[in-house]
Amino acid sequence: GGGRGCVTLRGSQFRDLLDAKHNVLFDCDGVIWNGETAVTGAPEVVSLLKQRGKRVFFVTNNCTRPRESYVQKFSRLGFTDVAEEEIFSSAYCSAAYLRDVARVQGKVYVIGCSGVVRELQDAGVHVVEEVGDDEPGTNISNCPLDPDVKAVLVGYDENFTFMKLAKACCYLRNSECLFLATDPDPWHPLRGGRITPGSGSLTAALETASSRKATVIGKPGRFMFECIASQFDLDPARSLMVGDRLETDILFGSNCGLSTMLTLTGVSTMEEAQKYKDSESPEHKGCVPDYVVESIADFLEALEE
Ligand code: PLP
Ligand code: CA
């Protein structure tokens, strides 16, 4: 189809784009790494961007690790110069939201793993301690509920249970109890063609059970960009978002007024991008990337002196 978007960058065009941008935001899984393997060339791209004076940020919907554990992962995978301050995860941003925006007084009931609980605790947000649910005789009609709960936060949770769902929807009966989700991701690729359900699928269960809609903190919501912009003075017009999932990363970039680039080392394909481009539907416009590259290794040529 015609119109703008889905431009494959070559040589001087890529250089011109990089000249025009001061900040590069990278999604992590599918862009920087796949699971425990760095995308070929990614460590060099990050270092070179920094050497050229660009500011680099990492924006991940993965809520399972605290920031410091991302620093370790970057260094384990051969990235030598990534700092904690440059990493914005949906767990870190959920904690910032609860502390600085919602200013929640009382406790948060968390469906999620230890990483998100750690970020909340580091931010001074009180989390309900999970106790005693597996004792004989405890069931959904008599399990203890904490009267101090003022928010429910749902994230990726490999120990998700019917009991957690039941408790969360009881808390949400109180219309003053906030309902937040770390991210809307439906699923994630694993090795060998398998997938794992994402936070979005657990959130959907709770949305049905509570007849409420969650406020989404992660991409494609704008809050993660606001979080970065509040700490670093970012001009959206001079920022580029690089991601592998059209419905989260590219829509996030569009929602925040950034230029967007799809890389084909992850979830979404060129065909899907083209479908959004050809679609008449206005809500699909935000999912059309401005640029498409095979891999972020394509930055290397544009970064050579
Ligand atoms: N959440 C979980 C639990 C994941 O495993 C992943 C990817 O591996 C993500 C979210 C998506 O992370 P990203 O936004 O870096 O692609
Ligand atoms: Ca991704």
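Only a predicted model underlies this, so the values are computations on that prediction, with no experimental measurement involved. (Residues numbered from 1 in each chain as written. Chains lettered and ligands numbered in written order. Predicted model: local features only at pLDDT ≥ 70, side-chain atom pairs only at ≥ 80, totals over all residues. Heavy atoms only, no water.)

**Brief notes about the overall build of the protein**
Under the convention used in this document: The helix count covers DSSP runs of H or I at least four residues long, the strand count covers runs of E at least two residues long, and both are numbered beginning at the N terminus. A simple rule labels every residue: compare its accessible area, found with a 1.4 Å probe on the protein chains alone, to the largest value its type can have, and call it buried under 20%, exposed over 50%, or partly exposed in between. Any two residues having at least one pair of non-hydrogen atoms within 4.5 Å are treated as being in contact. Using a 1.4 Å probe, the Shrake-Rupley method yields the accessible areas, and only the shown protein chains count as cover for residues. We count Lys and Arg on the positive side and Asp and Glu on the negative side, and we leave His and both chain ends out. Just so you know, the charge point we use is NZ for Lys, CZ for Arg, CG for Asp and CD for Glu.
Check the secondary structure of the protein and you find 11 helices and 16 strands. Overall size of the protein, expressed as C-alpha extent along the three principal axes, is 70 × 45 × 40 Å. Evaluated residue by residue, the protein yields a buried proportion of 52% over its 305 residues. Summarising the internal contacts of the protein: among those between residues at least 6 apart in sequence, 73% fall at separations of at least 24. Working note: accessible area of the protein is about 14200 Å², and carbon and sulfur atoms make up 49% of it. Between the mean site of the 31 positive side-chain charges and the mean site of the 44 negative ones, the protein shows a separation of 2 Å.

**A short note on the coordination of the calcium ion (ligand 2)**
Quick reminder of the rule: Listed donors are limited to N, O and S atoms within 2.8 Å of the metal, widened to 3.2 Å for Na, K and Ca; water is not among them, so incomplete-looking sites are possible.
Taken together, the protein donors to the calcium ion (ligand 2) comprise Asp27 (OD), Asp27 (OD), Asp29 (O) and Asp244 (OD), at separations of 2.2 to 3.2 Å. The motif formed by the donor residues of the calcium ion (ligand 2), counted along the single chain, is D-x1-D-x214-D. Pair noted here: Asp27 is in the loop between β2 (23–26) and β3 (33–34) and Asp244 is in the loop between β14 (239–243) and α9 (246–256), with a separation of 217 residues, a long-range link. Just as Asp27 is buried, Asp244 falls in that class too.

**Re the site of ligand 1**
What counts is decided by this rule: We call a residue near a molecule or strand whenever a single non-hydrogen atom of that residue lies within 4 Å of it. Any pair of N or O atoms that falls within 3.5 Å is considered a polar contact. Within protein, one atom must be able to donate a hydrogen and the other to accept it, and sequence-neighbouring residues count only if both atoms are side-chain atoms. Only protein atoms enter the 1 Å grid used here, on which a cavity is any set of points holding a 1.4 Å probe that cannot leave and a pocket is any open set flanked by protein within 12 Å on both sides along at least five of seven lines; residues with an atom within 4 Å of a point are listed as lining. By definition, a pocket or cavity contains a molecule when more than half of the molecule's atoms lie within 2 Å of the pocket's grid points.
Every residue near ligand 1 is listed here: Asp27, Cys28, Asp29, Thr60, Asn61, Asn62, Thr64, Tyr156, Asp185, His188 and Lys219. Contact distances for ligand 1 include 2.8 Å between an oxygen atom and a side-chain N or O atom of Asp27. Between ligand 1 and the protein, one listed contact pairs a nitrogen atom with a side-chain N or O atom of His188 at 3.2 Å. When atoms are counted within 2 Å of each cavity's grid points, the one that captures over half of ligand 1 is the largest pocket.

**Regarding the environment of Ser239**
Among the structural elements, Ser239 can be located in strand β14. Along the chain, Ser239 and Ser259 lie 20 residues apart, while their C-alpha atoms are 6.4 Å from each other. Once residues within four sequence positions are removed from consideration, Ser239 is found in contact with Lys21, Asn23, Leu25, Leu234, Leu258 and Ser259. Only 2.8 Å separates the side chain of Ser239 from the backbone oxygen of Asp235, close enough to count as a polar contact.

**Examining the confidence of the model for the protein**
The following threshold applies: For every residue, the pLDDT score states the predictor's confidence, bounded by 0 at the bottom and 100 at the top.
Summing up the model confidence of the protein, the mean pLDDT is 96 and the portion of residues at 70 or higher is 98%. In the model output, the complex is listed with pTM 0.96 alongside ipTM 0.98.

**Structural notes on the sheet that holds strand β10 (residues 178–181)**
Note the following rule: Here a strand pair is declared whenever DSSP counts at least two bridges between the two strands. In this description, a line fitted to the C-alpha atoms serves as the axis of each element, helices being fitted only across the stretch in contact, and the angle between N-to-C directions of two axes falls anywhere from 0 to 180 degrees.
One open sheet holds the five strands; their spatial order is β8-β7-β9-β10-β13, and the pairing between them is parallel. Only two strands of the sheet have a single partner each, and these edge strands are β8 (126–127) and β13 (215–216). Pairing between β10 and β13: two bridges, direction parallel. Along β13, the bridge assignment pairs Ala181 with Val216. Against the sheet, helix α5 (residues 114–122) contacts β7 (107–111), β8 and β9 (149–154), and its axis sits at roughly 165° relative to β7. Sheet contacts for helix α7 (residues 199–210): β9 and β10; angle to β10, the most-contacted strand, approximately 155°.

**Describing the sheet that holds strand β6 (residues 87–89)**
Pairing within the open sheet is parallel, and its seven strands lie in the order β1-β16-β15-β14-β2-β5-β6. Because the sheet does not close on itself, it has two edges, and the strands there are β1 (7–8) and β6. Across four bridges, the pairing between β2 and β14 is parallel. Counted as the bridge partner of Val24 is Leu240 from β14.

**Points about the pairing of β10**
The test is simple: Crossover handedness is defined here as right-handed if the route from the first strand over the helix to the second strand goes clockwise, with the strands pointing away from the viewer.
Alignment of β9 against β10, held across four bridges, turns out to be parallel. Note on β10: the bridge partner recorded for Leu153 is Leu180. Taking the sense of rotation as the criterion, the β-α-β connection linking β9, helix α6 (residues 162–171) and β10 turns out right-handed.

**What to know about the packing of aromatic side chains**
Using the following cut-off: Only Phe, Tyr and Trp rings are paired, with Trp represented by its six-membered ring, and only when their centres lie within 6.5 Å; those with planes under 30 degrees apart are stacked, over 60 edge-to-face, the remainder tilted. For a ring to carry a charge above it, either NZ of a lysine or CZ of an arginine must fall within 6 Å of the ring centroid while also lying within 35 degrees of the normal to the ring plane.
What the rule picks out here adds up to 13 aromatic pairs. When the ring of Phe14 is compared with that of Phe299, the centres are 5.0 Å apart and the planes differ by 65°; the resulting orientation is edge-to-face. One end of the pair, Phe14, is in helix α1 (residues 11–20); the other, Phe299, is in helix α11 (residues 299–303), with 285 residues separating them in the sequence. Ring geometry for Tyr97 and Phe223: centres 5.2 Å apart, planes at 90°, overall edge-to-face. Of this pair, Tyr97 sits in helix α4 (residues 90–101) while Phe223 is found in helix α8 (residues 223–231), placing the two residues 126 residues apart along the sequence. Residue class for Tyr97 comes out buried when judged on its relative accessible area of 18%. Taken together, the ring pairs connect Phe14, Phe26, Trp33, Phe58, Tyr70, Phe74, Phe79 and Phe299 into an aromatic cluster. Over the aromatic face of Tyr92 sits the side chain of Arg67, whose NZ or CZ is 3.6 Å from the ring centroid.

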